[in-house]
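# Results of the structural survey
Now for the letters of each chain:
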Amino acid sequence: MDLSLSPAERAFRDELRAWLKANPPNIEAPGSHAESDAGYIAALRRWQRQLFDGGWSGVAWPKEYGGRGASLVEQSIFQEEMAAAGAPELIGVIGLSLAGPTIMAVGTHEQKSRYLAPILSADEIWCQGFSEPNAGSDLAALGTKAVRDGDDFVINGQKIWTSFAHFADWCLLLVRTDASGAKHQGITCLLVDMRTPGIEVRPLRMMTGESAFNEVFFTDVRVAASQVLGKINEGWGVAITVLMNERANLGSGLYALFHRNYKALLGRLAKMRRHGRPALDDPLVRQKLAQVHIELEIFRHNTNRALTSQMKTGVPGAEGSIQKLYWSEFNQRMTQTAMELLGPDAQLAECDDGLWNYQYLRSRGNTIEAGTSEVQRNIIAQRVLGLPRSA
Ligand SMILES: Cc1cc2nc3c(=O)[nH]c(=O)nc-3n(C[C@H](O)[C@H](O)[C@H](O)COP(=O)(O)OP(=O)(O)OC[C@H]3O[C@@H](n4cnc5c(N)ncnc54)[C@H](O)[C@@H]3O)c2cc1C
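## Quick notes on the pattern of salt bridges
A full pass over the atoms with the stated rule returns 21 salt bridges. One salt bridge in this structure joins Arg 222 and Asp 149, with 2.7 Å as the shortest N-O distance. A residue pair is termed long-range when its members are at least 10 positions apart, and Arg 222 in strand E7 (residues 213–224) and Asp 149 in strand E2 (residues 145–149) qualify at 73 residues. Where Glu 340 meets Lys 288, a salt bridge forms, and the shortest distance between an N and an O atom there is 2.8 Å. Highlighted residues: Glu 340 in helix H8 (residues 319–342) and Lys 288 in helix H7 (residues 283–313), separated in sequence by 52 residues. Residue class for Lys 288 comes out partly exposed when judged on its relative accessible area of 29%. Several salt bridges converge on common partners, so that one network encompasses Arg 45, Asp 169 and Arg 195.

Below you can see the structure in the form of structure tokens.
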């Protein structure tokens with residue numbers, strides 16, 4: 001990727017900078033319980049609406065679907081400018097990065113007209129109902145059943161770890177519609193209204209103390225057959241599209257969050273003293289901060305590398321797995337460094353409203369969600385490096 005900006009890209013950046021200056025995010029994240037703080041969630045919805053009204057939601061979505069039609073380089077500029085402005089992550093991330101692109105790729109004309117615009121404006125938030133108690137890494141083992149009854153499917157079963165289900169309006173749901181063949185066959189993807197009778201959302205408590213994901217139970221839930229995304233029994237291909245988008249897109253959106261946390265760490269250290277002098281003058285502190293800074297930059301460049309590949313092929317590639325592995329392990333290293341530099345105070349809820357204690361605990365889930373590190377390493381070994389499968 002050529003990292004020098006063309007005149008058009010500079011104009012894009014300048015327009016965005018001017019807009020962000022006139023429309024600053026002004027959203028303070030609570031240090032702890034960020035993902036389940038109702039006030040913060042509402043503020044994030046308003047922020048995405050503000051971006052939408054300004055024409056900045058779904059920047060890389062095609063214009064025909066309400067996006068800005070920006071190039072992937074411009075999308076990368078967008079992430080960097082959002083980070084520089086201290087903007088928070090977008091609340092509609094599952095819709096913007098997973099459901100939306102998949103509906104664009106395989107949805108019917110009616111589905112595109114119905115679902116895409118409210119995703120951009122955050123009027124409708126989506127969740128992803130893939131994982132089940134016995135189907136996580138081995139997703140094709142899923143057992144939630146949908147049986148055809150006239151014009152409807154009737155769903156029974158359970159999903160687990162469903163982030164945002166407690167306030168989501170829609171769910172991108174994988175169900176088994178045929179159990180007679182190989183496990184990758186007979187899966188169907190459905191677009192399900194979370195307010196349909198028979199859906200019960202039970203919050204799960206994370207080790208951070210918050211409840212940001214859930215168990216979701218389906219009891220005789222009726223969903224019209226017109227809600228199938230793609231073809232009946234061919235949902236595995238749809239799921240792969242979703243997972244590739246997940247690995248390729250969620251990471252780049254996280255740059256803003258990591259950058260914000262890194263700046264918060266710098267800010268806090270600037271106020272601290274260590275061994276009788278300003279903490280930022282301590283060579284050990286400087287060395288550790290430099291390491292975090294370098295790794296954050298590597299993350300940015302890796303994102304650009306994945307985008308370059310996506311620009312060339314038109315689809316997210318296996319680089320997404322490298323990116324997923326990198327961001328999840330980097331965030332754990334960064335929060336570990338923060339805990340070491342800030343000392344025991346960092347573990348207290350009183351320190352920066354519990355920010356570092358929260359981030360440290362929350363980052364543990366990073367190497368599990370969106371595919372575990374072990375599974376990403378398998379994908380990189382086989383699809384990027386071309387190594388043979390283990391016996
Ligand atoms: C914070 C968080 C949010 C999440 N949000 C969602 C969501 O919104 N929607 C959703 O559908 N799911 C969500 N998940 C679920 C997540 O995708 C799964 O937890 C993940 O895919 C792992 O599946 P599992 O938990 O069943 O573990 P398992 O697949 O049972 O894995 C257990 C262990 O075995 C290892 N393992 C498994 N297979 C292999 C293999 N072939 N080779 C080497 N090692 C292997 C794994 O790496 C892991 O260490 C979320 C998870 C977390 C932690």
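## Regarding the site of the ligand
In the vicinity of the ligand lie 18 residues, with Gln 128, Ser 131, Ser 137, Trp 161 and Thr 372 positioned nearest. Here Gln 128 contributes a backbone N or O atom positioned 2.7 Å from a nitrogen atom of the ligand. Contact between the ligand and Gly 136: an oxygen atom at 3.5 Å from a main-chain N or O atom of the residue. Protein contacts shield 66% of the accessible area of the ligand, which totals 980 Å² for the unbound molecule. Here the residues of the shell around the ligand are counted per class, giving six nonpolar, nine polar and three charged.

## Some details on the pairing of strand E4 (residues 170–176)
Burial within E4 is extensive, with seven of its seven residues counted as buried. Burial along E4 is two-sided: the face carrying Trp 170, Leu 172, Leu 174 and Arg 176 and the face carrying Cys 171, Leu 173 and Val 175 are both buried. Across four bridges, strand E1 (residues 126–129) lies against E4 in parallel orientation. If you follow Gln 128 over to E4, its bridge partner there is Leu 172. Across seven bridges, E4 lies against strand E5 (residues 187–193) in antiparallel orientation. Paired with Leu 173 across the two strands is Leu 190, which belongs to E5.

## Focus on the packing of helix H2 (residues 38–53) against helix H5 (residues 109–121)
In helix packing, the relevant descriptors are the interaxial angle and the interaxial distance, both defined with respect to the helix axes. One way to put it is that H2 packs onto H5 with a least axis distance of 7 Å and a crossing angle of 110°. Taken together, the axes of H2 and H5 lie roughly perpendicular to each other. For the pair H2 and H5, contact is made by Gln 48, Arg 49 and Phe 52 and by Ala 117, Ile 119, Leu 120 and Ser 121, respectively. When its residues are assigned to classes, the contact of H2 with H5 shows four nonpolar, two polar and one charged.

## A look at the nonpolar core
Grouped together as the largest cluster of nonpolar side chains are 56 residues, with contacts concentrated most on Trp 47, Trp 126 and Leu 172. The set of elements that each furnish at least two residues to this core consists of helix H1 (7–22), H2, helix H3 (72–84), helix H4 (93–106), H5, E4, E5 and helix H6 (235–270). With sequence-adjacent residues up to four places away left out, Trp 47 is seen in contact with Trp 19, Leu 20, Asn 23, Pro 24, Pro 25, Ile 27, Met 82, Ala 87, Pro 88 and Leu 90. Of all hydrophobic cores here, the second largest spans 26 residues; its members include Phe 258, Val 285, Phe 299 and Trp 356.

## Brief notes about unusual backbone geometry
Residues other than glycine seldom take positive phi values, yet Asn 26 does so here, at roughly 50°. Of note, Asn 26 is situated in the loop between H1 and H2. Taking relative accessible area as the criterion, Asn 26 reaches 69% and is therefore assigned exposed. The backbone of Asp 353 sits at a positive phi, close to 60°, despite the residue not being glycine. By secondary structure assignment, the location of Asp 353 is in the loop between H8 and helix H9 (355–363). With a relative accessible area of 45%, Asp 353 lands in the partly exposed category.

## Details of a nonpolar patch on the surface
A grouping of Val 384, Leu 385 and Leu 387 is seen on the molecular surface, where their side chains present a nonpolar patch of about 270 Å² in accessible area. Mapped onto the fold, Leu 385 is located in the segment after helix H10 (373–384). Leu 385 gets classed as exposed once you look at its relative accessible area, which sits at 58%.

## Focus: H2
When the terminal C-alpha atoms of H2 are compared, their 23 Å separation across 16 residues agrees well with the 22 Å that a helix rising 1.5 Å per residue should span. Among the residues making up H2, those that are buried are Tyr 40, Ile 41, Ala 43, Leu 44, Trp 47, Gln 48 and Leu 51. Down the axis of H2, the sector holding all buried residues measures 160°, keeping them to one side. Looking at H2, the residues exposed on the side facing more than 90 degrees away from the buried face are Ala 38, Arg 46 and Asp 53. For H2, the N-terminal cap is Asp 37; the gap from its side-chain oxygen to the backbone nitrogen of Gly 39 is 3.0 Å. Positive backbone phi, at 80°, marks Gly 55, one or two positions downstream of H2.

## Some thoughts on the side chain of Thr 372
By secondary structure assignment, the location of Thr 372 is in the loop between H9 and H10. In this structure Thr 372 comes out as buried when scored by relative accessible area, which is 16%. Sequence-distant contacts of Thr 372, that is, excluding residues within four places in its chain, are made with Ser 137 and Thr 367.

## As for the packing of aromatic side chains
Taken as a whole and judged by the stated rule, the model has 12 aromatic pairs. Judged by centre distance (5.9 Å) and plane angle (25°), the ring pair of Trp 126 and Trp 170 falls under stacked. Here the residue Trp 126 occupies a position in strand E1, and Trp 170 occupies one in strand E4, the gap between them amounting to 44 residues. With a relative accessible area of 1%, Trp 126 lands in the buried category. When its relative accessible area of 8% is taken as the criterion, Trp 170 is described as buried.

Calculation criteria
- Residues numbered from 1 in each chain as written.
- Predicted model: local features only at pLDDT ≥ 70, side-chain atom pairs only at ≥ 80, totals over all residues.
- Heavy atoms only, no water.
- Salt bridge = Lys/Arg side-chain N within 4 Å of Asp/Glu carboxyl O.
- Helix = DSSP H or I, 4+ residues; strand = E, 2+ residues; numbered from the N terminus.
- Buried < 20%, exposed > 50% of the residue type's maximum accessible area, 1.4 Å probe, protein only.
- Near = heavy atom within 4 Å.
- Polar contact = N/O pair within 3.5 Å; in protein donor to acceptor, adjacent residues only side chain to side chain.
- Areas by Shrake-Rupley, 256 points an atom, 1.4 Å probe, with all protein chains shown as cover.
- Nonpolar A, V, L, I, M, F, W, Y, C, P; charged D, E, K, R; others polar.
- Pairing = 2+ DSSP bridges.
- Axes fitted to C-alpha atoms, helices over the stretch in contact; angles between N-to-C directions.
- Parallel < 35°, antiparallel > 145°, perpendicular 65-115°, else oblique.
- Contact = heavy atoms within 4.5 Å.
- Core = buried A, V, L, I, M, F, W, Y, C linked by side-chain atoms within 4.5 Å.
- Patch = residues over 30% accessible without salt bridge, like charges linked within 9 Å, V, L, I, M, F, W, Y side chains within 5 Å.
- Expected span 1.5 Å × (residues − 1).
- Arc of directions from axis to C-beta.
- Phe/Tyr/Trp six-rings, centres within 6.5 Å; stacked < 30°, edge-to-face > 60°.

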